[in-house]
Amino acid sequence: MRRITTYLAAFVLALSAIPAAAQSLTGGIEGVVRDEQGGALPGVSLTLTGKRGSQTTLTDAVGSYRFAGIDPGTFSVTAELSGFRTKRQENVVVGIGRQVPINMVLGVAGVQEAIEVVGESPVVNPVSSSTDNSLSQDMLFNLPIRPSNAATDLLNYLPGIVDGAAYGADSDTANGLLLDGVDTRDPEGGSAWTFFNFNIVEEVQVSGLGAPAEFGAFQGAVVNTITKSGGNNYSGLFDVYYTKDSLQGNNISQEIIDGNPSLAEPATDRERMDLTAQLGGPIVKDKLFFFLSGERYHRDQDPTGPNTLRDEVSARINFKLNYQPTSNDNFMAMVQYDNYNIIGRCGVSAALCTFDLTNREDAPEWVWAMQWRHVFGSKTFAEVKYNGWTGFYDLNPEVPLPAVFDGSTGQPSQGWYYYADRNRNQVNASISHYAEGFGKHDLKFGVEIERSKVRSRYGLGDIYYYDYTAYYPSKQYLAYTYSYDLGGKNQRESAYAQDSWHVNDRLTINAGVRFDWVRGYPAYESANGSIGDSKVYDVKNWSPRLGFAYDVTGNGKTVLKGSYSQYYEGAFFLAYSPAVPGIADFVSYAYDPSGELCGPEGNCFTETDRSPNPLYNVDRDIKHPRVDEWTLGFERELVKDVRLAVTGIYRQDKGIQGSVTPDARWAPTTVTASDDGTDAALNGRQLSVYEWTNRSSSDQNYLLTNPDGFEYLNPAGSVLGTARAQRKYQALMFVLDKRFSNRWQGRISYVLSKNEGTVNNGGFDTYGSSTQFESASRALVNQFGPLEFSQNHELKVFLTYQIPKVDVGLNGYWRYLSGWPYTPYQRFGSGAINFPLSSGREVFLEPRGSRRAASRSTLDLRLEKIFRVGSSSDRISLYADLQNLFNADTITNVQNRYPSVSIAGFDQAVEFGGPTAVTPPRSWLVGARWSF
Amino acid sequence: MAAAASARVAALTPAQLESVSPQAAEPAPSTNNPSFFKTGKGIAVLVLIVAGVGYASYSAVNDREPVKSPIR
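Computed from a predicted model, the values in this text were never measured in an experiment. (Residues numbered from 1 in each chain as written. Chains lettered and ligands numbered in written order. Predicted model: local features only at pLDDT ≥ 70, side-chain atom pairs only at ≥ 80, totals over all residues. Heavy atoms only, no water.)

1. With respect to the overall build of chain B
Helix and strand content of chain B: three helices and zero strands. Residues counted as buried form 29% of the 72 residues belonging to chain B. (Helix = DSSP H or I, 4+ residues; strand = E, 2+ residues; numbered from the N terminus. Buried < 20%, exposed > 50% of the residue type's maximum accessible area, 1.4 Å probe, protein only.)

2. What about the overall build of chain A?
What chain A contains, in helices and strands, is five helices and 61 strands. The proportion of buried residues among the 932 residues of chain A is 60%. A fraction of 72% describes how many contacts in chain A between residues 6 or more apart in sequence connect residues 24 or more apart. Of the roughly 34,600 Å² of accessible surface on chain A, a fraction of 55% belongs to carbon and sulfur atoms. (Contact = heavy atoms within 4.5 Å. Areas by Shrake-Rupley, 256 points an atom, 1.4 Å probe, with all protein chains shown as cover.)

3. What about the packing of aromatic side chains?
Residues and elements named next belong to chain A. What the rule picks out here adds up to 39 aromatic pairs over all chains. Centre to centre, the rings of Tyr393 and Tyr418 are 6.0 Å apart; their planes meet at 70 degrees, and the pair counts as edge-to-face. Placement of the pair is Tyr393 in strand β24 (residues 380-397) and Tyr418 in strand β27 (residues 417-436), with a sequence separation of 25 residues. Per residue, the accessibility class of Tyr393 equals that of Tyr418, and both read buried. Counting every residue linked through ring pairs, the aromatic cluster contains Trp416, Tyr458, Tyr482, Tyr484 and Phe586. The aromatic ring of Phe867 is capped on one face by Lys865, whose charged end is 5.2 Å from the ring centroid. (Phe/Tyr/Trp six-rings, centres within 6.5 Å; stacked < 30°, edge-to-face > 60°. Lys NZ or Arg CZ within 6 Å of the ring centre and 35° of its normal.)

4. Topic: the pattern of salt bridges
Residue and element names in this part refer to chain A. Taken as a whole, this structure holds 63 salt bridges over all chains when the rule is applied. The salt bridge involving Glu30 is made with Arg66; its shortest N-O contact spans 2.7 Å. Taken as a pair, Glu30 in strand β2 (residues 27-35) and Arg66 in strand β5 (residues 64-70) lie far apart in primary sequence, 36 residues in all. Look at Glu30 and you get buried, because its relative accessible area is 1%. Between Arg929 and Glu864 there is a salt bridge, and its shortest N-O distance comes to 3.0 Å. Of this pair, Arg929 sits in strand β61 (residues 923-931) while Glu864 sits in strand β55 (residues 856-868); the two residues are 65 residues apart in sequence, bridging distant segments of the chain. Taken individually, Arg929 and Glu864 each receive the classification buried, so the pair is uniform in this respect. Among the charged side chains, a network of salt bridges with common partners joins Asp183, Arg185, Arg424, Glu448, Glu450, Arg492, Arg514, Asp516 and Glu569. (Salt bridge = Lys/Arg side-chain N within 4 Å of Asp/Glu carboxyl O.)

5. Remarks on unusual backbone geometry
Residues and elements named next belong to chain A. A cis amide bond links Tyr898 with the next residue in sequence, Pro899, at an omega value of -5 degrees. Tracing the chain through its elements places Pro899 in the loop between β57 (891-894) and β58 (900-902). Not every positive phi belongs to a glycine, and Asp641 is a case in point at roughly 75 degrees. Considering the arrangement of structural elements, one finds Asp641 in the loop between β38 (626-639) and β39 (642-654). For Asn742, which is not a glycine, the phi torsion comes out positive at approximately 50 degrees.

6. Quick word on the nonpolar core
Counting 68 residues, the largest nonpolar core has Tyr418, Tyr537, Trp666, Tyr712 and Phe773 of chain A as the members making the most contacts within it. With residues up to four places along the chain from it excluded, the contact list for Phe773 of chain A reads Ser659, Val660, Pro707, Tyr712, Ala723, Arg724, Ala725, Val759 and Ala779 of chain A. (Core = buried A, V, L, I, M, F, W, Y, C linked by side-chain atoms within 4.5 Å.)

7. Looking at the environment of Arg856 of chain A
Looking at where Arg856 of chain A falls in the secondary structure, it is placed in strand β55. Taking the C-alpha atoms as reference points, Arg856 of chain A and Glu794 of chain A, separated by 62 residues in sequence, lie 9.8 Å from one another.

8. Here's the deal with the side chain of Ser456 of chain A
Residue and element names in this part refer to chain A. By the element assignment, Ser456 lies in strand β28 (residues 440-459). At a separation of 3.2 Å, a polar atom in the side chain of Ser456 contacts the side chain of Glu188. A distance of 3.3 Å separates polar atoms of two side chains, one belonging to Ser456 and the other to Arg422. (Polar contact = N/O pair within 3.5 Å; in protein donor to acceptor, adjacent residues only side chain to side chain.)

9. Here's the deal with the pairing of β38 of chain A
Residues and elements named next belong to chain A. Where strand β34 (residues 558-568) lies against β38, eleven bridges are found, and the strand directions are antiparallel. The partner of Lys561 across the bridge, within β38, is Gly633. Pairing geometry for β38 and β39, over 13 bridges, is antiparallel. Bridging from a neighbouring strand, Arg636 pairs with Leu644 of β39. Here β38 hands over to β39 after two residues, with Asp641 in that stretch at a positive phi of 75 degrees. (Pairing = 2+ DSSP bridges.)

10. Thoughts on the sheet that holds strand β43 (residues 703-705) of chain A
The strands that make up a sheet are held in pairs by hydrogen bonds between backbone atoms, and each pair lies either parallel or antiparallel. Residues and elements named next belong to chain A. Sheet architecture is open: three strands sit in the order β37-β43-β40, paired in mixed fashion. Where the open sheet ends on each side, the last strands, each with one partner, are β37 (617-618) and β40 (658-660). As paired strands, β37 and β43 are joined by two bridges and run parallel to one another. Of the residues in β43, the one forming a bridge with Val618 is Leu704.

11. Focus: helix α3 (residues 40-62) of chain B
Spanning 23 residues, α3 of chain B covers 32 Å between terminal C-alpha atoms, matching the ideal 33 Å at 1.5 Å per step. All of the buried residues along α3 of chain B are Gly42, Val45, Ile49, Gly52, Val53, Ala56, Ser59 and Ala60 of chain B. Buried-residue contacts for α3 of chain B involve β18 (235-244), β19 (268-284), β20 (288-302), β21 (310-323), β22 (329-346) and β61 of chain A. (Expected span 1.5 Å × (residues − 1).)

12. Here we look at the state of the cysteines
Residue and element names in this part refer to chain A. Tallied over the full model, the rule gives one disulfide over all chains. Between Cys346 and Cys353 runs a disulfide, and the two sulfur atoms are separated by 2.2 Å. One disulfide, between Cys346 and Cys353, carries an S-S torsion of -110 degrees and so falls in the left-handed class. According to the relative accessible area criterion, Cys353 is buried, its value standing at 0%. (Disulfide = S-S within 2.5 Å.)

13. Describing the environment of Asp765 of chain A
All names here are of chain A. Structurally, Asp765 is set in the loop between β47 (744-757) and α5 (776-779). For Asp765, a relative accessible area of 25% corresponds to the partly exposed category. Taking the C-alpha atoms as reference points, Asp765 and Thr173, 592 residues apart in sequence, are found 9.2 Å from one another. Setting aside chain neighbours within four positions, we find Asp765 in contact with Asp170, Ile656, Gln657, Arg727, Val759 and Asn760. A polar atom in the side chain of Asp765 sits 2.7 Å from the backbone nitrogen of Gly762. From its side chain, Asp765 meets the backbone nitrogen of Gly763 in a polar contact 3.1 Å long.

14. Focus on the environment of Ala725 of chain A
Topologically, Ala725 of chain A is positioned in the loop between β45 (719-722) and β46 (727-741). Not counting residues within four places of it along the chain, the set of residues in contact with Ala725 of chain A comprises Ile656, Pro707, Asp708, Thr758, Val759 and Phe773 of chain A.

15. Here's the deal with the confidence of the model for chain B
Residues and elements named next belong to chain B. Counting all residues, the mean pLDDT for chain B is 67, and 53% of those residues have values of 70 or more. The secondary-structure element of chain B with the lowest mean pLDDT is helix α2 (residues 14-18), recorded at 33, while α3 shows the highest, at 94. Every residue in residues 1-29 is under pLDDT 50, and counting partners more than four places away or in other chains gives 41 contacts. The ipTM assigned to the predicted complex is 0.84, against a pTM of 0.88. (pLDDT = per-residue confidence, 0-100.)

16. Some details on the side chain of Ser563 of chain A
Residue and element names in this part refer to chain A. Among the structural elements, Ser563 can be located in strand β34. Under the relative-accessibility criterion, Ser563 is labelled buried at 8%. At 2.6 Å, the side chain of Ser563 forms a polar contact with the side chain of Thr631.

17. So, the confidence of the model for chain A
Residues and elements named next belong to chain A. Looking at chain A as a whole, its pLDDT mean stands at 87, while 90% of the residues score no less than 70. Model confidence for chain A, summarised as mean pLDDT per element, is weakest for strand β1 (residues 3-7) at 32 and strongest for strand β44 (residues 711-713) at 98. Note on residues 1-23: pLDDT under 50 across the span, and 83 contacts to partners over four residues away in sequence or across chains.

18. Some details on the pairing of β45 of chain A
Residue and element names in this part refer to chain A. Bridge count for β44 against β45 is three bridges, and the pairing is antiparallel. Residue Leu713 lies in a different strand from β45, and its bridge partner there is Val719. Counting the residues between successive antiparallel strands, the hairpin from β44 to β45 contains five residues, one of them, Gly717, with a positive phi of roughly 90 degrees.

The following block contains the structure:
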């Protein structure tokens, strides 16, 4: 039979049976096959063909079929039944967690040819209650987005996420970062640990609004990154991009220099080059496939300040095997090795930093993942995964001399070292099952077991001393020693159950529950003796997830959706590290310049004071940090390939952790702000604060707890004030998406939001210890207001267009962001506020977030000339990225300490409100790549 | 139905027929051939991948030498 290939603009979908796939690293395809009269056709042979071969199934008695547990990719589906015309659907794109509905109508066979139909997955997901935004491979390939750290930077291109703060949560540390299912975050505090090659990314799914129960241990967004893999056809990518100092501009105006002279010399790239070589393909056709990638990233910078050398090299090698002995079994094994090292990483403030004061960074690591997926039939599949990583991150001083601060010149030496050792292992097992009864159910049950280990060592190498002899000849030096060797073991077991219940043709209810048991233990013997194996942290958390999706028009084009979810944070060492021994005593010394106190060893330092570091207690009833989230919105396919999504979001933090001093007593007092500042409204302002009246008898008892509601008492025991540990996020999100077709694609997103509270979202803010609630002056004065990473307005626009005939790609990314809120504060002396640490004496002079820096507007472009070689997927291209097209010189951060801050090495101080950071200048990157 | 489908095909321009994502298309038949690495393209691919991965491996060892931590 001669086949005629036709392309139709759309295909008709019926919604009789489209339960959603469980959200995981896989997707699926399902549908119903009918005849032209609408009758179900049982026994139809459906063949699914992708890059790793084909698999076949049959429709059941009601004409339904399913392919479950499919790796994301592009497929064709062919339906055949004797007596009917064969039909094939091409270019079916299966994404992460998407169950693509492909329904077919077969006509009676005759002398006509078989018809192939091109179709695409719908732009609207009519059964998911979560708000999913993904970065398609088209976007990743075409747009001028070239993150220096793909692990975290890709997030910032998505709506509702700016500088790593997703939906109001902590910047960077609250986001789950998964690479082929491996959680790559630092188990110490949740920041990104593993960096990976941007070019190995096949697809990135970002969720966090209405995420189902199988996703946990995060409070912001969860980034699900799938790496490329091999198939039956060889595919590859060879890519190089390059920039140098002559391709970079300068956007530092005299006005900026006048405000902060240390910004006069911005960091420039003497040379930056990124080389990638990748190849994937078959080892045994239809059975065994490989993917191999090598990358070398090199950046040679002249950083800001007196140092002129910062050389960074990162080499990364990825290898992946996929083995499918039968259509029901799929094995995957992945390993990544990368080595990240830097010469010239500053160990002191950039303005003071000469090369002798830098560190060398040595940071190699291994990442691995193994997975077995078994499909029991069209309704059930199981997955077992073992993944993990191990690495360290060492900073060693370039010149290992004892650390000194010269009070007369303001010049420090370096001398400190820092060693971080980490490893993480995790086992996941899950089973997914489709069942019918009171509707249709897509069930998933799973367990996770995590074991991670942290060790952090810090030391000064010798006695650290301040040389003030120029000012105080008789008082000589202030010297001290300080170091720590801290270690912890995190343990977590999690279990979840979820059901995507397709109640009828229009209504889907997504319900789930998750249980997490998190524990923390000391890991290493401290310098003070054995610590045993006693547990210091233990919490059990239940988190429900409930959502709905309602197909308003019945044709899958308009969906109303909403959700209620609770998200608990992961297992982090910082949540209990103050309760773990390992910090050495803080020892103060006096130095005798006359030498009379020098002993035979010539040690002229006499110990004058020794302060043991207090071990914190952990509240027996401590709650783990959690976010409660409500969403309500709709999605609509406006025209073919165009989707509009509008979502209202409300998130509230619960269980914020902190530290308090339960035995402390406080007395109100008054402090006066400096008169020397440039802001008339702040000069001489008086504030009511609190001094610690019984410090010497109560400063050894610290408690890790949930400080919300903690009462600060006066010596008589009366309540002076109550701590509030609050945070909430409200937003209205608009996203207009145009999928790639007719040579162009685009996205416009606008988020109007309000993010306020008493606890900041700069990272590490919802757990562990800090002076915020240890000091009544900080806890009770001007704490409520907009948070640091709070954007009132966020507008992002992507556009990519391929100019026909000349085959030139024109791609752009523009964003407009409200300026950062900031708060004037002053650090008062210990005579004014009796508190040992200076951070506990830093008092807000106005309510939190009372000021706002300038808004930011930046445009990046890419021009790409494409040369097609052979097939449509075989192309060589030359491209040029222009970042910050208009050379915007927006001041993105300001100095907020009143009245000013000295910059060592400069006579001039930076006044309150002066610039401390500026948008990077306009720069060109040029590149070439061959992909096939 | 077949006639209607044919008419729709005729109405589409070559640009519309080709206006699909470059990443969505099926790979070229030539890369499915077992003797791919004996072709000119295959030899070029082999050279580039060996050079690229080899260079990354060399860099992972050689570029680490100047910064290797003394405690490791």
